[in-house]
Amino acid sequence: MMEGAIGWKEGWKERNEEGRRSRYRKQKERTRKEADVFRALKEHRHVVRMLAEGGTEKGEEQEKENRDDGEGDGEDAPGKRKTRTQEGRGTYWIDLERMDACLIDIVMDCNLEDRVRYGRQLASGLTHMHRMGFRHNDVKLDNVLIDLRTRTAKLCDLEHASSLDARMLCGTLSYMAPELFLGDSGEEVDSWSLGVCLFCLFHLFLPFERADGKDSTFLTCCLEEKEKRREEKRGL
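Residues numbered from 1 in each chain as written. Predicted model: local features only at pLDDT ≥ 70, side-chain atom pairs only at ≥ 80, totals over all residues. Heavy atoms only, no water.

Peer 1: Hey, could you run me through the side chain of His-128 in this one?
Peer 2: Relative to the helices and strands, His-128 is located in helix H3 (residues 112-131). Of the polar contacts made by the side chain of His-128, one reaches the backbone oxygen of Leu-41; its length is 2.9 Å. With residues up to four places along the chain from it excluded, the contact list for His-128 reads Leu-41, His-44 and Val-47. (Helix = DSSP H or I, 4+ residues; strand = E, 2+ residues; numbered from the N terminus. Polar contact = N/O pair within 3.5 Å; in protein donor to acceptor, adjacent residues only side chain to side chain. Contact = heavy atoms within 4.5 Å.)

Below you can see the structure in the form of structure tokens.
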């Protein structure tokens, strides 16, 4: 009985370790992919700049230097270095420019002029991404960073970015577009999320609780979009 219990425990440890390795590999690959997108986008005044990138291969060691100047602590502070690492298995990181705050954290304190300014700047950054052939896939107020001194908004968190024609279901439920659930994808997915952001900027609440059939308003939007497409097909 004891031997069986020990064997089960060892097997569980092995599966758990394999699961951790798999998650790490995926995280590391997402960081590499995000760095690729930053490089392809080049620099735009309303997209956060990548200052540096680097990493080590399995077995190598590298000193980790997370910047900690100004407000915010830990890896989630605006502009922090994003590091995907696991001891003995190498690392990959990107270093982003330091910003002061997330738009979601200061929106209640913004005056009308600033809300208009930040909305236009967000649209400008998103338009640049689309012109360069990329879709953000997770546009939300949490992913807009603000330089309070210059009152400048910049898009960040390109971890889920893809080509415009990529078919993928991702994002934050309250911001997701009906097209994602109708099997389509394109820059209109980001445009919908931008619209939700603008609604939040001026009304200070989300238009939908979540993007699914449980929210009657969102369901109505989906049905209207579906009917619109049927009519377009009939016209063809």
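Peer 1: What exactly am I supposed to notice about the sheet that holds strand S4 (residues 101-102) here?
Peer 2: Pairing between the strands of a sheet is mediated by backbone hydrogen bonds and can be parallel or antiparallel. Read across the sheet, 3 strands follow the order S4-S6-S7 without closing on themselves; strand pairing throughout is antiparallel. Strand pairing shows two members of the sheet lacking a second neighbour, S4 and strand S7 (152-155), which therefore form its edges. Inspection of the sheet shows S4 paired to strand S6 (residues 144-147) by 2 bridges, in the antiparallel sense. Looking across to S6, one finds that Ala-101 is bridged to Ile-146. Running over the sheet, H3 touches S6 and S7 and is turned about 35° from S7. (Pairing = 2+ DSSP bridges. Axes fitted to C-alpha atoms, helices over the stretch in contact; angles between N-to-C directions.)

Peer 1: What exactly am I supposed to notice about the side chain of Ser-162 here?
Peer 2: Among the structural elements, Ser-162 can be located in strand S8 (residues 162-163). Taking relative accessible area as the criterion, Ser-162 reaches 6% and is therefore assigned buried. Only 2.9 Å separates the side chain of Ser-162 from the side chain of Asn-137, close enough to count as a polar contact. Ignoring anything within four residues of it in the chain, the contact list for Ser-162 reads Gly-133, Phe-134, Arg-135, Asn-137 and Met-168. (Buried < 20%, exposed > 50% of the residue type's maximum accessible area, 1.4 Å probe, protein only.)

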